[in-house]
Amino acid sequence: MPKFCKYLLVSPAVCGVILSVNTAAFAGEISSPSEINQPQVLANPDIKEKNQNIGQVTSVSQFSDVQPTDWAFQALQSLVERYGCIAGYPNSTYRGNRALTRYEFAAGLNACLDRVNELIATATGDLVNKQDLATLQKLQEDFSAELATLRGRVDAVEAKTAELEANQFSTTTKLQGQVVAVVSDVLSGDTVNGAEIADKNTTLGVRARIELVTSFTGQDTLFTRIQANNILSPNIGTPEGNLFFAGEDGTTNAAIDALYYKFPLGEKTQVIAIANAGAADDLTSTVNLFDGDGAFGALSTFGTRNPIYNQINGAGLGVTHEFSDKLALSLGYLSGTANNPTPNNGLFNGSYGALAQLTVKPSDRISIGLTYINSYNQPLLTGSNAATFQNIAAIQGLPEEEVAFSSNSYGVQASIGITDNIVLGGWAGYTNSQSLKGNGGDVDIWNYAVTLGFPDLGKKGNLAGIIAGVEPKVTSSNIAGLASDPDTSYHLEAFYQYKLSDNITITPGVIWLTSPDHNNDNDDVVIGALRTTFSF
């Protein structure tokens, strides 16, 4: 117990010395060699008499350059007024911001330790006395049960930490997952393009994802995603209104759905190498509040992002360089046939999409994207039958594997935060596609939309959204067999994403298509969906 008490007495003095004399380590002032070589700490009164350049002080207020607001003020005050082992300069300054040598630190520490030892040995004075030691001992005895409990808790935490470290999934990889369950149905509409809509049954489908997020350096990311998806969009006779989260074949076969490696190249450049299932949002920002990759935000493919982005998919490379916080340039190339060695395929001889986008952020509330995409054999995924080239093989009079067309697309996207809870957005996209075989010619395709978002509506984490626009429409065509769309169909979509908990959200929504396939002879179609997203 006496040794313990000595430690208690010594500790504040030692800590104070470290705090006070170490302030120089954080200083921006560079002292001259003569200043650095002068001792700053007084070991005892006898030494003071030998060092006439240094003056002992009895109050910290005697230092003209020490203020109560200084971060080490209390430590310096204790050493000066309680222990009397700190001295200043003859001009009544302490110079706490100048550099400190190891010799000075040793001298200061030794001075205060000598003073503490002196107080312990004499046991005199009001600063350190037997009553203080008795009080400490009594407190230790009174709170012995609490101290024992605390020690037990610390031991338990250490044991659990050791167990977690021994059984963790990986030291470099984080495991996360997501399940999207969707109930959907065609609520209204009977006939499109002269055919009755047959897919009018209520359906339940699920998209499940397991994701491995790995980092080797803390700045890079190796992303691996395994997915199974049996959700199907209802067939209404046109690709308009299709659901973004829908799969392709309706099976639950699991496969590697995405695989990429992202790493920095310098301070302002990011590079991403994509091996499988890359998309535009892996390369750049789509500048849309409602782009939640099907799990959050908009329900439809059209409402999720400007349709011209859907011409980018597959494997390839992307680079984003940030010139500043307000300006970034993204470049990317993805091939849909990168792994196929057969003729008219491969990384550079098959279907591809090449993207260039300038993203401008004039303020924290405003984002603008200016996009150019050049693609080959990459049709739009939503819009009219004509705009998505549903019958391009028949029009060109060629087998599917010999079809050839190229496209140049231009888009502008914008998002404006009017307030923290109101976001206005939208986009416009233009695509010029050329038929390269069979019946030659080109077509002009336009699409546009206006969006209105209400973040945190009713509860933090919620999102309400309204989307109104025109899905891709052929406005002019000189390709034989591919006529312009005769009328205009409007896409109206509304949803409310409600956050039940940190891991569960539920999103009811409705999609209303007027004159589907841009044909006034078709019935209006209303599609309803209820999406529940589980994240873990």
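Before reading further, recall that the structure is shown in the block above.
Residues numbered from 1 in each chain as written. Predicted model: local features only at pLDDT ≥ 70, side-chain atom pairs only at ≥ 80, totals over all residues. Heavy atoms only, no water.

**Some remarks on the environment of Leu381**
Heads up, the condition is: Here a strand is any run of E in DSSP of at least two residues, a helix any run of H or I of at least four, and the numbering for each starts at the N terminus. In this analysis, two residues are considered to be in contact whenever any of their non-hydrogen atoms come within 4.5 Å of each other.
For Leu381, the location among the structural elements is in the loop between strand S15 (366-376) and helix H11 (392-396). Leaving out residues up to four positions away in the same chain, Leu381 has contacts with Pro239, Asn242, Asn310 and Thr388.

**Remarks on empty space enclosed by the protein**
To be explicit about the condition: Cavities and pockets are found on a 1 Å grid laid over the protein atoms alone: a cavity is a set of points where a 1.4 Å probe fits but cannot escape, a pocket is an open set with protein on both sides within 12 Å along at least five of seven lines, and a lining residue has an atom within 4 Å of such a point. Grid points are joined across faces, edges and corners, and a volume is the space filled by probe spheres set on the points. Residues are grouped as follows: nonpolar covers Ala, Val, Leu, Ile, Met, Phe, Trp, Tyr, Cys and Pro; charged covers Asp, Glu, Lys and Arg; every other residue, Gly included, is treated as polar.
With the rule as written, the count across this model stands at two cavities of 30 Å³ or more. Here the largest cavity is characterised by a volume of approximately 50 Å³. Gln311, Gln378, Pro379, Leu380, Ala387, Thr388, Phe389, Phe405, Ser407, Thr431, Ser433 and Ile445 are the residues that line the largest cavity. A class-by-class count of the residues in the lining of the largest cavity yields six nonpolar, six polar and no charged. Of the pockets and cavities examined, the second largest cavity occupies roughly 40 Å³. Around the second largest cavity, the lining residues are Asn288, Leu289, Phe290, Ala414, Ser415, Val423, Gly425, Thr451 and Gly453. Along the lines of polarity and charge, the residues of the lining of the second largest cavity split into four nonpolar, five polar and no charged.

**Observations regarding a nonpolar patch on the surface**
How we decide: Two distance rules govern patches: like charges are joined within 9 Å, and nonpolar side chains (Val, Leu, Ile, Met, Phe, Trp, Tyr) within 5 Å, applied only to residues with over 30% relative accessible area and no salt bridge. Accessibility throughout is a Shrake-Rupley quantity obtained with a 1.4 Å probe, and a residue counts as covered only by protein chains that appear here. Salt bridge, as applied in this entry: a Lys or Arg side-chain nitrogen positioned within 4 Å of an Asp or Glu carboxyl oxygen.
Residues Leu175, Ile210, Ile226, Ile256 and Phe536 make up a contiguous nonpolar surface patch of roughly 470 Å² in combined accessible area. Its place among the elements puts Ile226 in strand S7 (residues 221-229).

**Concerning the pairing of strand S20 (residues 490-499)**
So the rule is basically this: For two strands to count as paired, DSSP must find a minimum of two bridges between them.
Inspection of the sheet shows strand S19 (residues 463-477) paired to S20 by seven bridges, in the antiparallel sense. Directly across from Gly465, in S20, lies its bridge partner Phe495. Taken together, the eight bridges between S20 and strand S21 (residues 504-514) define a ladder with antiparallel strand orientation. Looking at the pairing, Phe495 lines up with Gly509 of S21.

**What about the side chain of Gln396?**
Position of Gln396 relative to the elements: it lies in helix H11. Contacts of Gln396, omitting those with residues within four sequence positions, involve Val403, Ala404, Ser435, Leu436, Lys437, Gly438 and Asn439.

**What about the side chain of Asn345?**
This is how it is decided: Side-chain atoms alone can form a polar contact between residues adjacent in sequence; in general such a contact is a pair of N or O atoms within 3.5 Å, and within protein one must be able to donate a hydrogen while the other accepts it.
Here Asn345 is to be found in the loop between strand S13 (327-335) and helix H10 (346-349). A polar atom in the side chain of Asn345 sits 2.8 Å from the side chain of Thr342. Setting aside residues no more than four positions away along its own chain, Asn345 makes contact with Thr337, Asn340 and Gly350.

**Here we look at the pattern of salt bridges**
Rules: When a residue's accessible area, from a 1.4 Å probe over protein chains only, is under 20% of the maximum for its type it is buried; when over 50% it is exposed; and in between it is partly exposed.
Scanning the model with the defined rule gives eight salt bridges in all. With a shortest N-O distance of 3.6 Å, Lys499 and Asp502 are connected by a salt bridge. Using a relative accessible area of 24% as the deciding quantity, one classes Lys499 as partly exposed. Members of the salt-bridge network, linked through shared partners, are Arg209, Arg225, Asp257 and Asp293.

**Things to note about the packing of aromatic side chains**
In plain terms, the rule: Centres within 6.5 Å make a pair out of two Phe, Tyr or Trp rings, where for Trp the six-membered ring is used; the pair is then stacked when the planes are under 30 degrees apart, edge-to-face when over 60, and tilted otherwise.
Counted under the stated rule, the structure contains twelve aromatic pairs. Geometrically, the ring pair formed by Tyr430 and Trp446 is tilted, given 4.9 Å between the ring centres and 40 degrees between the ring planes. Here Tyr430 is found in strand S17 (residues 422-435), whereas its partner Trp446 is found in strand S18 (residues 441-455), with 16 residues between them in sequence. Feature note: the residues Tyr333, Phe348, Tyr352 and Tyr376 constitute an aromatic cluster, connected by ring pairs.

**Details of the layout of surface pockets**
Over the atoms rolls a probe the size of a water molecule, and in doing so it shows where empty space is left. Considered as a void within the structure, the second largest pocket measures approximately 410 Å³ in volume. Lining the second largest pocket are 24 residues, with Ser285, Thr320, Glu322, Ala328 and Ser330 positioned closest to its centre. Mapped by element, the contributors of at least two residues to the lining of the second largest pocket are strand S9 (269-279), helix H8 (280-283), strand S12 (313-324), S13 and strand S14 (352-363). Looking at the lining of the second largest pocket element by element, the count peaks at five residues for S12. Each residue belonging to the lining of the second largest pocket can be placed in one class, and the counts come to six nonpolar, nine polar and nine charged.

**Description of helix H4 (residues 73-83)**
The periodicity of an α-helix, 3.6 residues per turn, causes residues three or four places apart in sequence to face the same way. Listing the buried residues of H4 in full gives Phe73, Ala75, Leu76, Leu79, Val80 and Tyr83. At the exit of H4 stands Gly84, carrying a positive phi of roughly 60 degrees.

**Focus on the pairing of S12**
Relative to S12, S9 runs antiparallel, the two being bridged by eight bridges. Within the sheet, the bridge partner assigned to Thr269 lies in S12 and is His321. Direction of pairing for S12 relative to S13: antiparallel, over a ladder of nine bridges. Bridge pairing in S13 places Leu317 opposite Tyr333. Counting the residues between successive antiparallel strands, the hairpin from S12 to S13 contains two residues.

**Notes on unusual backbone geometry**
The backbone of Asn344 shows a phi angle near 65 degrees, a positive value even though the residue is not glycine. Mapped onto the secondary structure, Asn344 falls in the loop between S13 and H10. Of note in this structure, Asp456 is not a glycine but carries a positive phi near 60 degrees. Relative to the helices and strands, Asp456 resides in the loop between S18 and S19.

**Focus on the environment of Asp293**
Tracing the backbone through its elements, the reader meets Asp293 in the loop between strand S10 (291-292) and strand S11 (296-297). Sequence-wise, Asp293 and Phe245 are 48 residues apart; in three dimensions their C-alpha atoms are separated by 7.4 Å. Non-local contacts of Asp293, meaning those with residues more than four positions away in its chain, are made with Arg207, Arg209, Arg225, Phe244, Asp281 and Arg305. One polar contact links Asp293 to Arg209, side chain to side chain, over a distance of 3.1 Å.

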